[in-house]
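# Residue-level structural notes
Below, each chain spelled out in residue letters.
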Amino acid sequence: LHVNDFVVFDSTQRNANNEICRYNAPPTYRLTDRSGVLNVLGSSVPFLYRVEVKGKGEFDLVSTIDGQSSGVLRGVVE
């Protein structure tokens, strides 16, 4: 990623046939951004986590849907 990028992380669940899966509750997100790299923006779609990149550094993002967590997405901004 680069400073001033606009990024959308899409956590929409899909099955092997690329069909959207049912869910009980919208996803939650855990962002670890110690250096303040990202500016989190609002979204009317809970599966789309929208951010602006403000500076250089690293961050980790995890989404959890119905008790199942994604892997850790580690981002580096150069």
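Scope of this entry: the structure provided in the associated data block. Source: prediction; values computed, not measured.

### As for the sheet that holds strand E4 (residues 48–53)
In a beta sheet, neighbouring strands are held together by backbone hydrogen bonds and run either parallel or antiparallel to one another. Strand order in the open sheet made by the 3 strands is E1-E4-E3, with antiparallel pairing throughout. The strands lining the two open edges of the sheet, one partner per strand, are strand E1 (6–10) and strand E3 (38–41). Neighbour-to-neighbour, the strand axes of the sheet open up by a mean angle of 30°, direction not taken into account. As paired strands, E3 and E4 are joined by 4 bridges and run antiparallel to one another.

### What about the nonpolar core?
With 10 residues, the main nonpolar core is built from Val-7, Phe-9, Val-37, Leu-38, Tyr-49, Val-51, Val-53, Phe-59, Leu-61 and Val-77. Of the residues forming this core, the biggest block, 3 residues, is contributed by E4. Discounting residues that sit within four places of it in the chain, Tyr-49 has contacts with Val-7, Val-8, Phe-9, Tyr-29, Leu-31, Val-40 and Leu-61.

The rules behind these values
- Residues numbered from 1 in each chain as written.
- Predicted model: local features only at pLDDT ≥ 70, side-chain atom pairs only at ≥ 80, totals over all residues.
- Heavy atoms only, no water.
- Pairing = 2+ DSSP bridges.
- Helix = DSSP H or I, 4+ residues; strand = E, 2+ residues; numbered from the N terminus.
- Axes fitted to C-alpha atoms, helices over the stretch in contact; angles between N-to-C directions.
- Core = buried A, V, L, I, M, F, W, Y, C linked by side-chain atoms within 4.5 Å.
- Buried < 20%, exposed > 50% of the residue type's maximum accessible area, 1.4 Å probe, protein only.
- Contact = heavy atoms within 4.5 Å.

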